[in-house]
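# Architecture at a glance
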Amino acid sequence: MDVQDRVVIVTGGANGIGAALCKKFALAGVKQIVIADRDFESAHKLANELSATAIHCDVALEADIQKVVNFTQDTYGRVDIFVSNAGVTSKGGPEVPDEEWMRQWNINLMAHVYASRAVLPKMLERGDGYLVQLASAAGLLTEIGSAPYSVTKHAAVAYAEWLSVHYQKQGIKVSCVCPAGVATDFLNMEDPVHQFLHYSSVTPEQVAQDILNGIKEETFLILSQTEVKDFFAYKGTDYDKWIKNFSRLNQKIQRFAQRQQEKAEQQHG
């Protein structure tokens, strides 16, 4: 799809990958960018820089996403590209409270469902439209430090696949974006897992450019790190060995974390 003269919505567009993508869209000549974010102050500031429009949106609430889509359709006539970018994470496994599991479920998955519900009817009428869904390499592989993040991102990948299979022949394009580490506030450098991800991290600008290229080429799976593609291919080749290798990696990270903790305790002892 040629993005020039298109109307675009970007959720979580005020910071990180979302902000970088909004800037790339502006340079590429889109007709209008709608920046939807809970951080309205930052969204408004960026919108002023780009001659875009900012609107407050909590993607965990279907009514908020519908509000953004209705506003965009009423004001600019249509939505050509909807980028579901907002996401959240936290550490932990089965012990993570239900409330946190549901928070990540609603933001990392259901926000994509809400977006597609809102924009698909008009897109299908026109026989044209693009859904860009930010998942994660965790959705193809795993995120060792967070079960809720891994599970919800796997679900996001599965939903993007379903949408593409179901609507491709009706003119709807779908891209699923699966970066590993990205140098944003999302990476907590006090977390050993995130320290590991930092070694292969890329900039938000690189991910944004990859997304823009992927839209132009109508690529389903958009990756910014070649090792993600390699690990994903290996997973399908020898699943058991892939699990064992990631288990060993988990052990190494846990030992590293333990050594860090012991060192900190000695320094403060």
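Use the structure listed above.
These notes cover the structure that comes with them. (Residues numbered from 1 in each chain as written. Predicted model: local features only at pLDDT ≥ 70, side-chain atom pairs only at ≥ 80, totals over all residues. Heavy atoms only, no water.)

### Digging into empty space enclosed by the protein
By the definition in use, this model includes one cavity of 30 Å³ or more. Taken as a whole, the largest cavity encloses approximately 30 Å³ of empty space. Looking at the largest cavity, the residues that line it are Thr 11, Val 59, Ile 65, Phe 82, Ser 84, Asn 85, Ala 86, Ile 107, Ala 111 and His 112. For the lining of the largest cavity, the secondary structure elements donating two or more residues are strand E4 (81-84) and helix H4 (98-126). Take the lining of the largest cavity: its biggest share by element is three residues, from H4. Residue classes in the lining of the largest cavity are distributed as six nonpolar, four polar and no charged. (1 Å grid on protein atoms, 1.4 Å probe; cavity = no way out; pocket = protein on both sides within 12 Å on 5 of 7 lines; lining within 4 Å. Points joined across faces, edges and corners; volume = space filled by probe spheres on them. Helix = DSSP H or I, 4+ residues; strand = E, 2+ residues; numbered from the N terminus. Nonpolar A, V, L, I, M, F, W, Y, C, P; charged D, E, K, R; others polar.)

### Quick look at the environment of Pro 179
Structurally, Pro 179 can be placed in the loop between strand E6 (172-177) and helix H6 (192-198). For Pro 179, a relative accessible area of 6% corresponds to the buried category. Sequence separation between Pro 179 and Ala 137 is 42 residues; the distance between their C-alpha atoms is 5.2 Å. Sequence-distant contacts of Pro 179, defined by excluding residues within four places in its chain, comprise Ser 136, Ala 137, Val 207 and Gln 225. (Buried < 20%, exposed > 50% of the residue type's maximum accessible area, 1.4 Å probe, protein only. Contact = heavy atoms within 4.5 Å.)

### Observations regarding the pairing of strand E1 (residues 7-11)
Most of E1 is tucked away: five of the five residues are buried. What you see with E1 is no split at all: Val 7, Ile 9 and Thr 11 on one side and Val 8 and Val 10 on the other are buried throughout. Following the backbone out of E1, through helix H1 (residues 16-28) and into the adjacent parallel strand E2 (residues 32-37), one traces a crossover that is right-handed. When E1 meets E4, the two strands line up parallel, connected through three bridges. Note on E4: the bridge partner recorded for Val 8 is Ile 81. (Right-handed = clockwise from strand over helix to strand, strands pointing away. Pairing = 2+ DSSP bridges.)

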